[in-house]
Amino acid sequence: MKEILIKTNDIHESKIIVKKGISQNLSEYINIEKAFLVTNTTLKKLYPDFVSKFNKKRVITIKDGEKYKNKKTVDYILNELLKNKIERKDTVVAFGGGVAGDIAGYCASIVLRGVNLVQIPTTLLAMCDSSIGGKTGYNTKYGKNLAGSFYFASNVLIDPCFLETLNEKEYKCAMGEIIKYAMIEKSSKCEEDYNLFEFLSEKSSSQIKDEIERIIEISASIKASVVQKDKFEGGLRKILNFAHTYAHSFEVLSNYKKMTHGEAVAYGIKYASKLGLDLGKINKEYYDKIISLIDKFGLAPNKLNFNKKDIIEKMKQDKKVQDKKINLLVPVRSFEVELFDNIEEPLIEASLL
Ligand SMILES: NC(=O)c1ccc[n+]([C@@H]2O[C@H](COP(=O)([O-])OP(=O)(O)OC[C@H]3O[C@@H](n4cnc5c(N)ncnc54)[C@H](O)[C@@H]3O)[C@@H](O)[C@H]2O)c1
Ligand SMILES: [Zn+2]
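Residues numbered from 1 in each chain as written. Chains lettered and ligands numbered in written order. Predicted model: local features only at pLDDT ≥ 70, side-chain atom pairs only at ≥ 80, totals over all residues. Heavy atoms only, no water.

**Description of the site of ligand 1**
Surrounding ligand 1, one finds 23 residues, the nearest of these being E66, K69, T122, T123 and T165. Within the side chain of K69, a nitrogen or oxygen atom sits 2.7 Å from an oxygen atom of ligand 1. A distance of 2.7 Å is found between a nitrogen atom of ligand 1 and a side-chain nitrogen or oxygen belonging to T165. Protein burial of ligand 1: of its 860 Å² of free accessible surface, 85% is covered by the chains. Here the residues of the shell around ligand 1 are counted per class, giving six nonpolar, nine polar and eight charged. (Near = heavy atom within 4 Å. Polar contact = N/O pair within 3.5 Å; in protein donor to acceptor, adjacent residues only side chain to side chain. Areas by Shrake-Rupley, 256 points an atom, 1.4 Å probe, with all protein chains shown as cover. Nonpolar A, V, L, I, M, F, W, Y, C, P; charged D, E, K, R; others polar.)

What follows is the structure, encoded as C-alpha coordinates:
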(Lines give C-alpha, C1' and ligand atoms only; values in the text may rest on other atoms or scores of the structure.)
(Ligands and ions follow the chains in the order given, each with its own letter.)
Protein backbone atom coordinates (compact mmCIF):
# COMPACT_ATOMS: atom_id res chain seq x y z
CA MET A 1 0.00 0.00 0.00
CA LYS A 2 1.18 3.50 -0.76
CA GLU A 3 -0.16 6.95 0.08
CA ILE A 4 0.91 9.93 -1.98
CA LEU A 5 -0.10 13.50 -1.16
CA ILE A 6 -0.39 16.47 -3.47
CA LYS A 7 -0.83 19.74 -1.59
CA THR A 8 -3.29 21.61 -3.76
CA ASN A 9 -3.25 24.83 -1.75
CA ASP A 10 -2.51 25.98 1.80
CA ILE A 11 -5.30 23.93 3.32
CA HIS A 12 -6.30 21.22 0.87
CA GLU A 13 -4.59 18.13 -0.37
CA SER A 14 -5.31 15.39 -2.86
CA LYS A 15 -4.58 12.01 -1.33
CA ILE A 16 -3.74 9.13 -3.66
CA ILE A 17 -3.92 5.67 -2.14
CA VAL A 18 -2.83 2.55 -3.99
CA LYS A 19 -4.06 -0.56 -2.24
CA LYS A 20 -5.49 -3.90 -3.34
CA GLY A 21 -9.05 -4.22 -2.02
CA ILE A 22 -9.42 -0.56 -1.04
CA SER A 23 -12.74 -0.40 -2.91
CA GLN A 24 -14.13 -2.87 -0.36
CA ASN A 25 -13.65 -0.32 2.41
CA LEU A 26 -15.18 2.70 0.78
CA SER A 27 -16.95 3.96 3.86
CA GLU A 28 -13.55 4.74 5.42
CA TYR A 29 -13.10 7.43 2.80
CA ILE A 30 -16.55 8.47 1.60
CA ASN A 31 -19.90 9.09 3.20
CA ILE A 32 -21.65 6.76 0.76
CA GLU A 33 -25.12 8.04 1.70
CA LYS A 34 -24.10 11.50 0.50
CA ALA A 35 -22.31 10.39 -2.64
CA PHE A 36 -23.27 10.27 -6.31
CA LEU A 37 -21.57 7.61 -8.43
CA VAL A 38 -20.83 8.43 -12.06
CA THR A 39 -19.93 5.36 -14.11
CA ASN A 40 -20.55 3.81 -17.51
CA THR A 41 -22.70 0.93 -18.75
CA THR A 42 -19.73 -1.50 -19.00
CA LEU A 43 -18.51 -1.02 -15.42
CA LYS A 44 -22.03 -1.15 -14.06
CA LYS A 45 -22.38 -4.61 -15.59
CA LEU A 46 -18.91 -5.78 -14.54
CA TYR A 47 -19.10 -4.58 -10.93
CA PRO A 48 -22.75 -4.75 -9.78
CA ASP A 49 -21.78 -5.36 -6.13
CA PHE A 50 -19.63 -2.26 -6.02
CA VAL A 51 -22.26 -0.11 -7.73
CA SER A 52 -25.02 -1.39 -5.44
CA LYS A 53 -23.25 0.13 -2.43
CA PHE A 54 -24.66 3.45 -3.66
CA ASN A 55 -28.26 4.58 -3.46
CA LYS A 56 -29.88 3.61 -6.81
CA LYS A 57 -31.11 7.15 -7.42
CA ARG A 58 -27.57 8.41 -6.98
CA VAL A 59 -26.01 6.19 -9.63
CA ILE A 60 -25.54 8.07 -12.89
CA THR A 61 -24.69 5.87 -15.85
CA ILE A 62 -23.21 7.26 -19.04
CA LYS A 63 -22.58 5.51 -22.35
CA ASP A 64 -19.21 3.85 -22.84
CA GLY A 65 -16.76 5.45 -25.23
CA GLU A 66 -14.57 8.46 -26.00
CA LYS A 67 -17.23 9.70 -28.42
CA TYR A 68 -19.58 10.30 -25.48
CA LYS A 69 -17.06 12.52 -23.69
CA ASN A 70 -19.00 15.55 -24.88
CA LYS A 71 -21.19 18.45 -23.80
CA LYS A 72 -24.35 16.35 -24.13
CA THR A 73 -23.06 13.90 -21.52
CA VAL A 74 -21.95 16.80 -19.29
CA ASP A 75 -25.51 18.18 -19.44
CA TYR A 76 -26.96 14.75 -18.71
CA ILE A 77 -24.79 14.29 -15.60
CA LEU A 78 -25.48 17.82 -14.35
CA ASN A 79 -29.22 17.37 -14.78
CA GLU A 80 -29.19 14.05 -12.94
CA LEU A 81 -27.19 15.56 -10.06
CA LEU A 82 -29.52 18.53 -9.77
CA LYS A 83 -32.71 16.52 -10.29
CA ASN A 84 -31.67 14.31 -7.39
CA LYS A 85 -30.92 17.37 -5.26
CA ILE A 86 -27.19 17.31 -4.87
CA GLU A 87 -26.01 19.48 -1.99
CA ARG A 88 -22.80 21.45 -1.46
CA LYS A 89 -21.42 18.86 0.97
CA ASP A 90 -22.10 15.84 -1.25
CA THR A 91 -19.44 13.92 -3.12
CA VAL A 92 -19.20 12.95 -6.76
CA VAL A 93 -17.42 9.62 -7.20
CA ALA A 94 -15.98 9.00 -10.65
CA PHE A 95 -15.80 5.25 -11.25
CA GLY A 96 -14.23 4.14 -14.53
CA GLY A 97 -11.45 4.84 -16.96
CA GLY A 98 -10.15 8.23 -18.06
CA VAL A 99 -13.34 9.13 -19.90
CA ALA A 100 -15.61 8.72 -16.86
CA GLY A 101 -12.96 10.33 -14.64
CA ASP A 102 -12.50 13.41 -16.82
CA ILE A 103 -16.16 14.08 -17.43
CA ALA A 104 -17.41 13.31 -13.91
CA GLY A 105 -14.52 15.39 -12.55
CA TYR A 106 -15.57 18.31 -14.72
CA CYS A 107 -19.19 18.05 -13.57
CA ALA A 108 -18.06 17.95 -9.92
CA SER A 109 -16.07 21.12 -10.54
CA ILE A 110 -19.04 23.12 -11.83
CA VAL A 111 -22.13 21.77 -10.13
CA LEU A 112 -23.11 24.16 -7.32
CA ARG A 113 -19.72 25.82 -8.13
CA GLY A 114 -17.88 22.70 -7.04
CA VAL A 115 -18.48 19.71 -4.78
CA ASN A 116 -16.11 17.14 -3.32
CA LEU A 117 -14.65 14.76 -5.90
CA VAL A 118 -13.32 11.23 -5.40
CA GLN A 119 -11.75 9.28 -8.24
CA ILE A 120 -11.87 5.48 -8.38
CA PRO A 121 -9.96 4.66 -11.57
CA THR A 122 -10.48 1.26 -13.17
CA THR A 123 -8.14 1.20 -16.18
CA LEU A 124 -4.37 1.01 -15.89
CA LEU A 125 -4.13 4.33 -17.73
CA ALA A 126 -6.52 6.02 -15.32
CA MET A 127 -4.67 4.54 -12.32
CA CYS A 128 -1.26 5.74 -13.51
CA ASP A 129 -2.21 8.91 -15.25
CA SER A 130 -5.62 10.47 -15.80
CA SER A 131 -7.07 10.24 -12.27
CA ILE A 132 -4.04 12.09 -10.87
CA GLY A 133 -3.27 15.76 -11.26
CA GLY A 134 -6.61 17.52 -11.38
CA LYS A 135 -7.23 17.88 -15.10
CA THR A 136 -10.87 17.38 -16.03
CA GLY A 137 -12.67 17.98 -19.27
CA TYR A 138 -14.51 16.91 -22.37
CA ASN A 139 -14.10 16.97 -26.14
CA THR A 140 -15.60 19.62 -28.43
CA LYS A 141 -16.05 19.56 -32.19
CA TYR A 142 -12.78 21.52 -32.43
CA GLY A 143 -10.74 18.85 -30.70
CA LYS A 144 -10.09 16.61 -27.73
CA ASN A 145 -10.11 17.96 -24.16
CA LEU A 146 -10.58 21.55 -25.30
CA ALA A 147 -13.00 22.39 -22.49
CA GLY A 148 -12.45 21.63 -18.84
CA SER A 149 -11.02 22.72 -15.55
CA PHE A 150 -8.27 22.06 -13.05
CA TYR A 151 -10.04 20.43 -10.14
CA PHE A 152 -8.37 18.05 -7.73
CA ALA A 153 -10.03 14.98 -6.26
CA SER A 154 -9.81 14.93 -2.47
CA ASN A 155 -9.10 11.20 -2.74
CA VAL A 156 -7.91 9.00 -5.58
CA LEU A 157 -8.57 5.43 -4.48
CA ILE A 158 -6.66 3.01 -6.66
CA ASP A 159 -7.64 -0.63 -6.37
CA PRO A 160 -5.53 -2.77 -8.74
CA CYS A 161 -8.11 -5.59 -8.34
CA PHE A 162 -10.22 -3.84 -10.99
CA LEU A 163 -7.53 -4.64 -13.56
CA GLU A 164 -8.55 -8.31 -13.56
CA THR A 165 -11.27 -7.56 -16.10
CA LEU A 166 -9.24 -5.20 -18.27
CA ASN A 167 -8.37 -6.44 -21.76
CA GLU A 168 -4.88 -6.72 -23.28
CA LYS A 169 -5.37 -3.75 -25.58
CA GLU A 170 -6.06 -1.35 -22.71
CA TYR A 171 -3.17 -2.82 -20.75
CA LYS A 172 -0.76 -2.31 -23.62
CA CYS A 173 -2.04 1.20 -24.19
CA ALA A 174 -1.14 2.19 -20.62
CA MET A 175 2.35 0.69 -21.00
CA GLY A 176 3.12 3.47 -23.51
CA GLU A 177 2.51 6.06 -20.78
CA ILE A 178 4.37 4.01 -18.17
CA ILE A 179 7.49 3.88 -20.38
CA LYS A 180 7.09 7.66 -20.71
CA TYR A 181 7.24 7.96 -16.89
CA ALA A 182 10.37 5.81 -16.87
CA MET A 183 12.00 8.16 -19.34
CA ILE A 184 11.18 11.36 -17.43
CA GLU A 185 11.79 10.05 -13.91
CA LYS A 186 14.89 12.16 -13.19
CA SER A 187 13.32 15.30 -14.67
CA SER A 188 10.30 14.83 -12.39
CA LYS A 189 12.51 15.59 -9.38
CA CYS A 190 10.67 13.01 -7.29
CA GLU A 191 12.11 12.40 -3.89
CA GLU A 192 12.79 8.71 -4.18
CA ASP A 193 14.99 7.07 -6.77
CA TYR A 194 12.67 4.42 -8.22
CA ASN A 195 14.64 3.63 -11.34
CA LEU A 196 11.46 2.62 -13.13
CA PHE A 197 13.31 2.23 -16.45
CA GLU A 198 15.63 -0.46 -15.10
CA PHE A 199 12.74 -2.10 -13.26
CA LEU A 200 10.74 -2.41 -16.49
CA SER A 201 13.81 -3.43 -18.50
CA GLU A 202 14.83 -6.24 -16.17
CA LYS A 203 11.45 -7.94 -15.88
CA SER A 204 9.54 -10.03 -18.41
CA SER A 205 6.13 -8.77 -19.45
CA SER A 206 4.40 -11.41 -17.29
CA GLN A 207 6.51 -10.45 -14.26
CA ILE A 208 5.48 -6.86 -14.87
CA LYS A 209 1.83 -7.89 -14.65
CA ASP A 210 2.53 -9.55 -11.33
CA GLU A 211 4.18 -6.38 -10.07
CA ILE A 212 1.59 -4.01 -11.44
CA GLU A 213 0.71 -2.57 -8.04
CA ARG A 214 4.34 -1.41 -7.60
CA ILE A 215 4.37 0.02 -11.11
CA ILE A 216 1.20 2.00 -10.42
CA GLU A 217 2.70 3.31 -7.17
CA ILE A 218 5.84 4.49 -8.97
CA SER A 219 4.02 6.01 -11.95
CA ALA A 220 1.56 7.79 -9.66
CA SER A 221 4.45 9.09 -7.53
CA ILE A 222 6.31 10.44 -10.57
CA LYS A 223 3.19 12.18 -11.87
CA ALA A 224 2.31 13.54 -8.42
CA SER A 225 5.84 14.87 -7.99
CA VAL A 226 5.59 16.84 -11.23
CA VAL A 227 2.08 18.11 -10.52
CA GLN A 228 3.01 19.17 -6.99
CA LYS A 229 5.70 21.46 -8.39
CA ASP A 230 3.57 22.86 -11.21
CA LYS A 231 -0.16 22.47 -10.72
CA PHE A 232 -1.33 24.52 -13.71
CA GLU A 233 1.19 23.54 -16.38
CA GLY A 234 3.28 26.69 -16.26
CA GLY A 235 6.61 24.88 -16.58
CA LEU A 236 7.75 21.52 -15.27
CA ARG A 237 4.41 19.82 -15.94
CA LYS A 238 5.12 20.10 -19.65
CA ILE A 239 7.46 17.11 -19.31
CA LEU A 240 4.36 14.92 -18.96
CA ASN A 241 3.79 15.69 -22.63
CA PHE A 242 7.01 13.95 -23.60
CA ALA A 243 6.36 12.14 -26.93
CA HIS A 244 2.87 13.62 -27.15
CA THR A 245 3.38 16.11 -30.00
CA TYR A 246 4.37 13.19 -32.19
CA ALA A 247 1.58 11.05 -30.71
CA HIS A 248 -1.17 13.60 -31.34
CA SER A 249 -0.10 13.90 -34.95
CA PHE A 250 -0.36 10.09 -35.44
CA GLU A 251 -3.73 10.00 -33.70
CA VAL A 252 -5.12 12.74 -35.95
CA LEU A 253 -3.71 11.10 -39.09
CA SER A 254 -5.28 7.79 -38.13
CA ASN A 255 -8.58 9.52 -37.28
CA TYR A 256 -8.26 8.32 -33.67
CA LYS A 257 -9.24 4.87 -34.93
CA LYS A 258 -6.37 2.72 -36.09
CA MET A 259 -4.08 3.61 -33.22
CA THR A 260 -4.75 3.87 -29.49
CA HIS A 261 -3.32 6.84 -27.59
CA GLY A 262 -0.78 4.66 -25.78
CA GLU A 263 0.43 3.12 -29.04
CA ALA A 264 0.80 6.60 -30.50
CA VAL A 265 2.80 7.64 -27.41
CA ALA A 266 5.08 4.61 -27.87
CA TYR A 267 5.81 5.66 -31.47
CA GLY A 268 6.38 9.18 -30.14
CA ILE A 269 8.92 7.90 -27.62
CA LYS A 270 10.72 5.98 -30.33
CA TYR A 271 11.04 9.02 -32.62
CA ALA A 272 11.82 11.53 -29.87
CA SER A 273 14.61 9.17 -28.78
CA LYS A 274 15.96 8.99 -32.34
CA LEU A 275 15.99 12.79 -32.28
CA GLY A 276 17.95 12.69 -29.03
CA LEU A 277 20.42 10.30 -30.63
CA ASP A 278 20.76 12.42 -33.81
CA LEU A 279 21.28 15.56 -31.75
CA GLY A 280 24.05 13.78 -29.84
CA LYS A 281 22.17 14.09 -26.55
CA ILE A 282 21.90 10.39 -25.74
CA ASN A 283 24.22 7.53 -26.61
CA LYS A 284 23.46 4.49 -28.74
CA GLU A 285 23.44 2.21 -25.71
CA TYR A 286 20.57 4.08 -24.01
CA TYR A 287 18.76 4.43 -27.32
CA ASP A 288 18.91 0.66 -27.91
CA LYS A 289 17.59 0.02 -24.39
CA ILE A 290 14.63 2.31 -25.07
CA ILE A 291 13.80 0.53 -28.31
CA SER A 292 14.00 -2.91 -26.71
CA LEU A 293 11.73 -1.78 -23.86
CA ILE A 294 9.13 -0.58 -26.36
CA ASP A 295 9.51 -3.83 -28.33
CA LYS A 296 9.03 -5.96 -25.23
CA PHE A 297 5.44 -4.77 -24.92
CA GLY A 298 4.76 -5.21 -28.62
CA LEU A 299 4.41 -1.44 -28.97
CA ALA A 300 5.33 0.61 -32.06
CA PRO A 301 6.17 -2.52 -34.12
CA ASN A 302 5.81 -1.12 -37.64
CA LYS A 303 7.12 1.59 -39.83
CA LEU A 304 4.36 4.17 -39.98
CA ASN A 305 3.09 4.76 -43.48
CA PHE A 306 1.98 8.35 -43.05
CA ASN A 307 3.58 10.94 -45.24
CA LYS A 308 6.39 12.64 -43.29
CA LYS A 309 5.35 16.13 -44.38
CA ASP A 310 1.79 15.41 -43.17
CA ILE A 311 3.13 14.26 -39.81
CA ILE A 312 5.08 17.50 -39.42
CA GLU A 313 2.10 19.62 -40.52
CA LYS A 314 -0.06 17.97 -37.86
CA MET A 315 2.69 18.39 -35.27
CA LYS A 316 2.51 22.12 -35.95
CA GLN A 317 -1.21 22.08 -35.20
CA ASP A 318 -0.77 20.51 -31.78
CA LYS A 319 -2.33 22.72 -29.12
CA LYS A 320 0.93 22.80 -27.19
CA VAL A 321 2.78 24.27 -30.19
CA GLN A 322 3.33 28.03 -30.23
CA ASP A 323 3.78 30.25 -33.32
CA LYS A 324 4.01 27.19 -35.55
CA LYS A 325 7.45 26.49 -34.13
CA ILE A 326 7.92 22.88 -33.15
CA ASN A 327 9.26 22.66 -29.63
CA LEU A 328 9.93 19.13 -28.54
CA LEU A 329 10.94 17.32 -25.41
CA VAL A 330 14.00 15.25 -26.18
CA PRO A 331 15.80 12.66 -24.02
CA VAL A 332 19.12 14.18 -23.01
CA ARG A 333 20.47 11.71 -20.48
CA SER A 334 19.18 8.51 -18.91
CA PHE A 335 15.65 9.16 -17.59
CA GLU A 336 15.86 12.88 -18.31
CA VAL A 337 14.22 15.00 -20.99
CA GLU A 338 14.62 18.66 -21.96
CA LEU A 339 12.54 21.02 -24.06
CA PHE A 340 14.18 22.18 -27.30
CA ASP A 341 12.76 25.24 -29.06
CA ASN A 342 12.18 25.51 -32.74
CA ILE A 343 13.57 22.19 -33.91
CA GLU A 344 14.45 22.21 -37.60
CA GLU A 345 12.04 20.26 -39.77
CA PRO A 346 14.69 18.12 -41.55
CA LEU A 347 15.80 16.85 -38.15
CA ILE A 348 12.25 15.86 -37.25
CA GLU A 349 11.88 14.21 -40.64
CA ALA A 350 15.06 12.21 -40.04
CA SER A 351 13.75 11.03 -36.67
CA LEU A 352 10.71 9.44 -38.33
CA LEU A 353 12.49 6.18 -39.18
N1 LIG B 1 -7.11 14.12 -17.01
C2 LIG B 1 -5.92 13.74 -17.42
O3 LIG B 1 -4.89 14.19 -16.91
C4 LIG B 1 -5.82 12.72 -18.50
C5 LIG B 1 -4.59 12.11 -18.78
C6 LIG B 1 -4.55 11.12 -19.75
C7 LIG B 1 -5.70 10.75 -20.43
N8 LIG B 1 -6.89 11.37 -20.14
C9 LIG B 1 -8.13 10.98 -20.82
O10 LIG B 1 -8.43 9.63 -20.46
C11 LIG B 1 -9.21 9.04 -21.51
C12 LIG B 1 -8.67 7.66 -21.79
O13 LIG B 1 -8.79 6.88 -20.63
P14 LIG B 1 -8.91 5.29 -20.68
O15 LIG B 1 -7.81 4.76 -21.53
O16 LIG B 1 -9.05 4.82 -19.30
O17 LIG B 1 -10.23 5.07 -21.55
P18 LIG B 1 -11.75 4.70 -21.17
O19 LIG B 1 -12.22 5.44 -20.01
O20 LIG B 1 -12.52 4.86 -22.45
O21 LIG B 1 -11.65 3.15 -20.81
C22 LIG B 1 -11.28 2.23 -21.80
C23 LIG B 1 -12.28 1.08 -21.90
O24 LIG B 1 -12.09 0.21 -20.79
C25 LIG B 1 -13.34 -0.04 -20.15
N26 LIG B 1 -13.02 -0.33 -18.76
C27 LIG B 1 -12.72 0.54 -17.78
N28 LIG B 1 -12.35 -0.12 -16.68
C29 LIG B 1 -12.45 -1.43 -16.94
C30 LIG B 1 -12.21 -2.60 -16.18
N31 LIG B 1 -11.75 -2.55 -14.94
N32 LIG B 1 -12.45 -3.79 -16.77
C33 LIG B 1 -12.87 -3.85 -18.06
N34 LIG B 1 -13.08 -2.78 -18.83
C35 LIG B 1 -12.89 -1.58 -18.27
C36 LIG B 1 -14.12 1.21 -20.39
O37 LIG B 1 -15.50 0.99 -20.22
C38 LIG B 1 -13.74 1.52 -21.82
O39 LIG B 1 -14.49 0.75 -22.72
C40 LIG B 1 -9.14 9.99 -22.68
O41 LIG B 1 -10.37 10.65 -22.80
C42 LIG B 1 -8.04 10.97 -22.31
O43 LIG B 1 -8.26 12.26 -22.85
C44 LIG B 1 -6.96 12.34 -19.20
ZN1 LIG C 1 -0.98 10.60 -22.83
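**Here's the deal with the coordination of the zinc ion (ligand 2)**
At 1.9 to 2.1 Å from the zinc ion (ligand 2) lie its protein donor atoms, namely E177 (OE), H244 (NE2) and H261 (NE2). Within one chain, the residues donating to the zinc ion (ligand 2) are spaced in sequence as E-x66-H-x16-H. You can see E177 sitting in helix α6 (residues 168-184) and its partner H244 sitting in helix α10 (residues 244-253), a full 67 residues away along the chain. Note on E177: relative accessible area 2%, which makes it buried. Looking at H244, the relative accessible area reads 8%, which means it is buried. (Donors = N, O, S within 2.8 Å, 3.2 Å for Na, K, Ca; no water. Helix = DSSP H or I, 4+ residues; strand = E, 2+ residues; numbered from the N terminus. Buried < 20%, exposed > 50% of the residue type's maximum accessible area, 1.4 Å probe, protein only.)

**Points about the pairing of strand β10 (residues 328-333)**
Both faces of the sheet carry side chains from a regular strand, because those side chains alternate between them. Summarising burial for β10: five of the six residues are buried, a large majority. Where β10 and strand β11 (residues 336-340) come together, five bridges link them in antiparallel fashion. Residue pairing across strands places P331 opposite V337, the latter belonging to β11. Hairpin remark: β10 followed by β11, antiparallel, with two residues in the connecting loop; positive phi at F335, about 65 degrees. (Pairing = 2+ DSSP bridges.)

**Concerning the pattern of salt bridges**
Enumeration according to the criterion identifies 24 salt bridges in this entry. The partner of K2 in a salt bridge is E192, with the nearest N and O atoms 3.6 Å apart. Placement of K2 in strand β1 (residues 2-7) and of E192 in the loop between α6 and α7 (196-202) is noted, with a sequence separation of 190 residues between them. Note on K2: relative accessible area 18%, which makes it buried. (Salt bridge = Lys/Arg side-chain N within 4 Å of Asp/Glu carboxyl O.)

**Points about the domain arrangement of the protein chain**
Domains assigned within the protein chain are domain 1 (2-166) and domain 2 (171-351). Counting residues at the interface gives 27 residues for domain 1 and 26 residues for domain 2. Broken down residue by residue, the surface that domain 1 buries against domain 2 is led by K2, L124 and C128, which jointly contribute 24%. Joining domain 1 to domain 2, the criterion identifies four salt bridges. (Domains from an automatic or database assignment. Contact = heavy atoms within 4.5 Å. Buried area = accessible area lost by both parts, 1.4 Å probe.)

**Side note on the packing of aromatic side chains**
If you walk through the whole model with that rule in mind, you get 17 aromatic pairs. With 6.0 Å between their ring centres and 50 degrees between their planes, Y246 and Y271 make a pair best called tilted. Linking Y246 in helix α10 with Y271 in helix α11 (residues 261-278), this pair joins segments that are 25 residues apart in sequence. Neither residue differs from the other here; Y246 and Y271 are each classed as buried. Geometrically, the ring pair formed by F250 and Y267 is edge-to-face, given 6.3 Å between the ring centres and 80 degrees between the ring planes. Of this pair, F250 sits in helix α10 while Y267 sits in helix α11, and the two are 17 residues apart along the sequence. (Phe/Tyr/Trp six-rings, centres within 6.5 Å; stacked < 30°, edge-to-face > 60°.)

**Describing the pairing of strand β7 (residues 135-140)**
Inspection of the sheet shows β7 paired to strand β8 (residues 143-150) by five bridges, in the antiparallel sense. Looking across to β8, one finds that Y138 is bridged to A147. Connecting β7 to the antiparallel partner β8 that follows it, the hairpin turn spans two residues.

**Structural notes on unusual backbone geometry**
The phi torsion at K85 lies on the positive side, around 60 degrees, for a residue other than glycine. A residue is classified by how much of its surface remains accessible, and K85, at 62% relative accessible area, is exposed. Phi at A243 is positive, roughly 75 degrees, even though this residue is not glycine. When its relative accessible area of 5% is taken as the criterion, A243 is described as buried.

**Some words on the packing of α10 against helix α13 (residues 308-316)**
The geometry of α10 relative to α13 is characterised by a closest axis approach of 8 Å and an angle of 115 degrees between their N-to-C directions. Judged by the inter-axis angle, α10 sits roughly perpendicular to α13. Here α10 runs over α13; the crossing is right-handed. Mapping the contact onto sequence places T245, Y246, S249, F250, V252 and L253 in α10 and D310, I311, K314 and M315 in α13. (Axes fitted to C-alpha atoms, helices over the stretch in contact; angles between N-to-C directions. Parallel < 35°, antiparallel > 145°, perpendicular 65-115°, else oblique. Left-handed = near helix turned anticlockwise from the far one by under 90°.)

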